[in-house]
Amino acid sequence: MAQFAHLPIYKKSYDLALFMHCLTITFPREHRYTFGAGLKENSIELLLLIIQANSKIDKREVLEKASEKLEEIKILVRLGHDLKIIGIKKYEESARISEEIGMQLGGWIKSQNKSNINLPESNRLL
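Here the structure is a predicted model, which means the values were calculated and not measured.

Asks: Residues and numbers for the nonpolar core, please.
Replies: By size, the foremost hydrophobic cluster in this structure holds 30 residues, and its most contacted members are Leu16, Met20, Leu39 and Leu105. The dominant element in this core, judged by the number of residues it contributes, is helix α3 (residues 35-55), at eight residues. If we skip the residues at most four places from it in the chain, Leu39 touches Met20, Thr24, Phe27, Ile73, Leu76, Val77 and Ile86.

Here it is, written out as structure tokens:
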């Protein structure tokens, strides 16, 4: 099994999952078990996708899924802010962490695309 705990993107994704769990505790009851559960679930799935990507040779598919999951989290956080469930400070903190993860994820995807270009034609995965 590949080591993942040293990866900065893993650490930030872990921070995001922890942040989402702490954030949803303050949600009103009507949103805690629906909206809040979605935020927690998506943040955990993102973390697990980062772990999966680190252990694969061809990481592109898993990284694309992780990128989609991050976008889902961003949309849910924005919706929570617009519904006045998430305050401005928490919204900003979430956006900052998400942006850092997005930059790292984008760089990882870009490096995977470059490494795929350098493979001989017969070894490229479609």
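More follows now that the structure is in view.
Asks: Now, about the side chain of Thr24: what can you tell me, with residues and values included?
Replies: Along the chain, Thr24 falls in helix α1 (residues 8-24). A polar contact of 3.2 Å, which involves the side chain of Thr24, links it to the backbone oxygen of His21. The contacts of Thr24, once residues within four sequence positions are left out, are Arg32, Gly36, Leu39 and Lys40.

Asks: For the packing of α1 against α3, give the residues involved together with the corresponding values.
Replies: Look at α1 against α3: their axes get within 9 Å of each other, and the N-to-C directions meet at 165°. Relative to α3, the element α1 is oriented roughly antiparallel. The hand of the α1/α3 crossing is left-handed. Only Gly36, Leu39, Lys40, Ser43, Ile44, Leu46, Leu47, Ile50 and Ile51 of α3 make contact with α1, whose side of the interface consists of Ile9, Tyr10, Ser13, Tyr14, Leu16, Ala17, Met20, His21 and Thr24. Here the contact of α1 with α3 is built from residues that sort into 12 nonpolar, five polar and one charged.

Asks: Just give me the short version of the pattern of salt bridges, but keep the residues and values in it.
Replies: A side chain of one charge can pair with a side chain of the opposite charge when the charged atoms of the two come close. One pass over the full model with this rule turns up eight salt bridges. For Lys69, the salt bridge goes to Glu72, with nearest N and O atoms at 3.3 Å. Of this pair, Lys69 and Glu72 both sit in helix α4 (residues 60-82), three residues apart, which is roughly one turn of the helix. Salt-bridge contacts for Arg96 lead to Glu93; the nearest nitrogen and oxygen are separated by 2.6 Å. A residue pair is termed a helical-turn pair when its members lie 3 or 4 positions apart in one helix, as Arg96 and Glu93 do in helix α5 (residues 88-117) at three residues.

Asks: Let's hear about the packing of α3 against α4: which residues, and what values?
Replies: Remark: α3 packs on α4, axes separated minimally by 9 Å, with the N-to-C direction vectors making an angle of 160°. Of the possible angle classes, the one that applies to α3 and α4 is roughly antiparallel. For the element pair α3 and α4, the recorded crossing hand is left-handed. Contacts from Phe35, Gly38, Leu39, Asn42, Ser43, Glu45, Leu46, Leu49, Ile50, Gln52 and Ala53 in α3 reach Val62, Leu63, Lys65, Ala66, Lys69, Leu70, Glu72, Ile73, Leu76, Val77, Leu79 and Gly80 in α4.

Asks: Give a description of the side chain of Lys69 that names residues and reports values.
Replies: Assessed through its relative accessible area of 12%, Lys69 is described here as buried. Contacts of Lys69, omitting those with residues within four sequence positions, involve Asn42, Glu45, Leu46 and Leu49.

What counts as what
Numbering of residues starts from 1 in each chain and follows the order in which that chain's sequence is written. It should be noted that, the model being predicted, local features are given only for residues of pLDDT at least 70 and side-chain atom pairs only at 80 or more, the latter also being counted only at that level, while totals for whole chains, interfaces and linings use all residues. Water and hydrogen atoms were dropped before computing side-chain values, which therefore reflect all heavy atoms in the structure. We define a nonpolar core as any set of buried Ala, Val, Leu, Ile, Met, Phe, Trp, Tyr and Cys residues linked to one another through side-chain atoms lying within 4.5 Å. For every residue, the accessible area obtained with a 1.4 Å probe (protein chains only) is divided by the maximum for its type, and the residue is called buried under 20%, exposed over 50%, and partly exposed between those limits. Here a helix means four or more residues in a row that DSSP labels H or I, a strand means two or more in a row labelled E, and each is numbered from the N terminus. Should any heavy atoms of two residues lie within 4.5 Å, those residues are considered in contact. Residues adjacent in sequence count toward polar contacts only when both atoms are side-chain atoms; beyond that, a polar contact is any pair of N or O atoms within 3.5 Å, and within protein one must be able to donate a hydrogen and the other to accept it. Only the contacting stretch of a helix is used when fitting its axis, a line to C-alpha atoms as for every element, and angles between N-to-C directions run 0 to 180 degrees. Here is the rule for angles: anything less than 35 degrees is roughly parallel, anything more than 145 is roughly antiparallel, 65 through 115 is roughly perpendicular, and the remaining ranges are oblique. Helix crossings get a hand from a simple test, with the near helix turned counterclockwise from the far one by less than a right angle marking a left-handed crossing and a clockwise turn marking a right-handed one. Amino acids outside the nonpolar list (Ala, Val, Leu, Ile, Met, Phe, Trp, Tyr, Cys, Pro) and the charged list (Asp, Glu, Lys, Arg) are all regarded as polar, and Gly is one of them. A carboxyl oxygen of Asp or Glu within 4 Å of a side-chain nitrogen of Lys or Arg is what we treat as a salt bridge.

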